[in-house]
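Letter by letter, the chains look like this.
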Amino acid sequence: MDLTVVGVGRIGGMLVGLGQAAGWRVRSVGRDGPTAAVDGAGPVVVCTRNDDLAQVVARTPVDRRGDLVFVQNGVLAPWCRARGLSEATLGVLYVAVDRVGAPPVPGAASVFAGRHAAAVAGLMHGGGVWARTARDEEDLRREVGTKLAWICVLGVLGEALAATVGQVLETQADEVVALCEELAPALAAGPDTAADPELAARVLAYSRSVAHYRTTVKEWPWRTGWLLDQATRAGVALPRHRAWLVRAGHGERLAAQEARLSDGRGP
Ligand SMILES: NC(=O)c1ccc[n+]([C@@H]2O[C@H](COP(=O)([O-])OP(=O)(O)OC[C@H]3O[C@@H](n4cnc5c(N)ncnc54)[C@H](OP(=O)(O)O)[C@@H]3O)[C@@H](O)[C@H]2O)c1
């Protein structure tokens with residue numbers, strides 16, 4: 001089996017290692033040149049940060065774009081649709097890799113949907129990093145929503161309290177639950193996310209598995225910004241989330257986004 005990994009950082013390095021251990025033909029791609037051969041085959045897993053995605057797609061031959069696999073946090077489906085990438089495979093990662101080459105710490109099964117879902121999930125799971133294919137579109141939407149909730153809730157609490165995930169759990173477990181309950185209607189209202197009935201319990205469970213992690217508010221347009229936008233469109237108020245964002249020092253960014261949204265512009 002051929003595997004191409006674009007961006008060999010923490011996640012990319014994990015996949016290169018898993019591919020080599022499984023005897024796959026692995027190709028690593030950096031910042032330059034085409035990501036994939038026109039006549040090649042197999043998954044092309046993009047392991048860059050979200051803001052590098054457009055550049056990576058531009059370097060991918062049109063005939064190979066259906067082989068792309070995106071594993072970034074955030075809600076990728078609308079971004080893919082807008083660029084004619086509806087055939088791309090999407091992955092929701094529930095694994096932490098602290099630094100390049102560090103052993104992966106899975107906290108739940110990572111979930112994949114699309115053309116290469118079975119191959120990539122099988123590679124990870126076979127290498128000891130729990131993974132599975134999505135049962136259906138609703139299943140994927142719930143996973144995207146659950147991971148987004150985890151990122152938004154633990155990100156803002158971790159930053160506001162300058163605490164690890166484990167320290168947040170020790171003092172703020174009730175607040176984690178309250179924030180998840182506040183966010184759930186916004187997730188349920190979006191076309192590309194859904195609210196798992198066990199959302200808060202799942203967010204707490206994943207947090208326990210990565211208690212050593214220090215989380216902050218990052219990649220705003222893909223994460224918190226997307227959530228605030230979705231909540232505004234759905235008419236869902238997020239007073240708790242807003243208060244924590246202000247406490248974490250994001251008041252100006254929050255106000256700027258709210259001004260844009262009230263003008264009818266995006267995040
Ligand atoms: N790490 C985790 O535990 C974890 C968990 C779940 C999800 N994720 C998600 O997985 C994605 C990758 O995260 P990561 O932690 O592996 O990031 P990372 O360690 O920062 O690695 C990103 C890699 O992409 C490379 N890169 C940047 N721009 C590129 C381009 N235009 N073309 C090709 N390569 C490029 C970087 O190379 P340079 O060294 O040259 O900058 C780096 O090797 C992110 O979206 C993240 O949110 C990560």
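Above this text you will find the structure in question.
The sections below set out a description of the structure shown in this document. Remember, it's a predicted structure, so these values are computed and weren't measured experimentally.

Here we look at the sheet that holds strand β5 (residues 89-92)
Piece 1. Ordered in space as β2-β1-β3-β4-β5-β8-β9, the 7 strands form an open sheet in which the pairing is mixed. The open sheet terminates on both sides in strands that have one partner only, identified here as β2 (25-29) and β9 (131-133). Across the sheet, the axes of successive neighbouring strands diverge by a mean angle of 20°, strand direction being ignored.
Piece 2. Sheet analysis places β5 next to strand β8 (residues 110-113), joined by 3 bridges and oriented antiparallel. Within β8, the position partnered with L90 by the bridge is A113.
Piece 3. Lying over the sheet, helix α1 (residues 10-21) contacts β1 (2-6), β2 and β3 (44-46), oriented at roughly 165° with respect to β1.
Piece 4. Against the sheet, helix α5 (residues 137-161) touches β5, β8 and β9, its axis set at about 45° to β5.

Observations regarding the packing of helix α8 (residues 224-234) against helix α10 (residues 251-262)
Piece 1. Where α8 meets α10, the closest approach of the two axes is 11 Å, and the angle between their N-to-C directions is 40°. It follows that α8 is oblique to α10 by the angle criterion. Read as a crossing pair, α8 and α10 show a hand that is right-handed. Seen from α8, the contacting residues are G225, L228, D229 and T232; seen from α10, they are L254, Q257 and L261.

Focus: the packing of aromatic side chains
For any pair of aromatic rings, geometry is given as the distance between the ring centres together with the angle between the planes.
Piece 1. Within this structure, the stated rule accounts for 4 aromatic pairs.
Piece 2. Aromatic side chains W79 and W222 sit 6.2 Å apart centroid to centroid with 50° between the ring planes, which places their arrangement in the tilted category. In this pair, W79 is assigned in helix α3 (residues 77-82) and W222 in the loop between α7 (199-209) and α8, connecting sequence segments 143 residues apart. As far as the burial class goes, W79 and W222 line up, both buried.
Piece 3. Every member of this aromatic cluster is reached through a ring pair, and the members are F70, W79 and W222.

Calculation notes
Residue positions are given per chain, counting from 1 as you read along its sequence in written order. Local features in a predicted model are, by the rule used here, given only for residues with pLDDT of at least 70; side-chain atom pairs are given and counted only at 80 or more, and totals for whole chains, interfaces and linings are based on all residues. Working from all heavy atoms in the structure, the side-chain values ignore hydrogens and water. Two strands form a pair only when DSSP identifies at least two bridges running between them. For helices the rule is a DSSP run of H or I covering at least 4 residues; for strands it is a run of E covering at least 2, with both sets numbered from the N terminus onward. Each axis is a line fitted through C-alpha atoms, taken for helices only over the stretch in contact, and angles between the N-to-C directions span 0 to 180 degrees. Whether two residues are in contact is decided by their heavy atoms, any of which lying within 4.5 Å being enough. Reported orientations rely on four angle classes, namely roughly parallel under 35 degrees, roughly antiparallel over 145, roughly perpendicular from 65 to 115, and oblique for the rest. Should the near helix be turned anticlockwise from the far one by less than a right angle, the crossing is termed left-handed; should it be turned clockwise, right-handed. Only rings of Phe, Tyr and Trp enter the pairing, Trp through its six-membered ring, and a pair is recorded when the two centres are within 6.5 Å. The plane angle decides the type: under 30 degrees is stacked, over 60 is edge-to-face, the rest tilted. Throughout this description, buried means an accessible area under 20% of the type-specific maximum (1.4 Å probe, protein chains only), exposed means over 50%, and partly exposed covers the range between.

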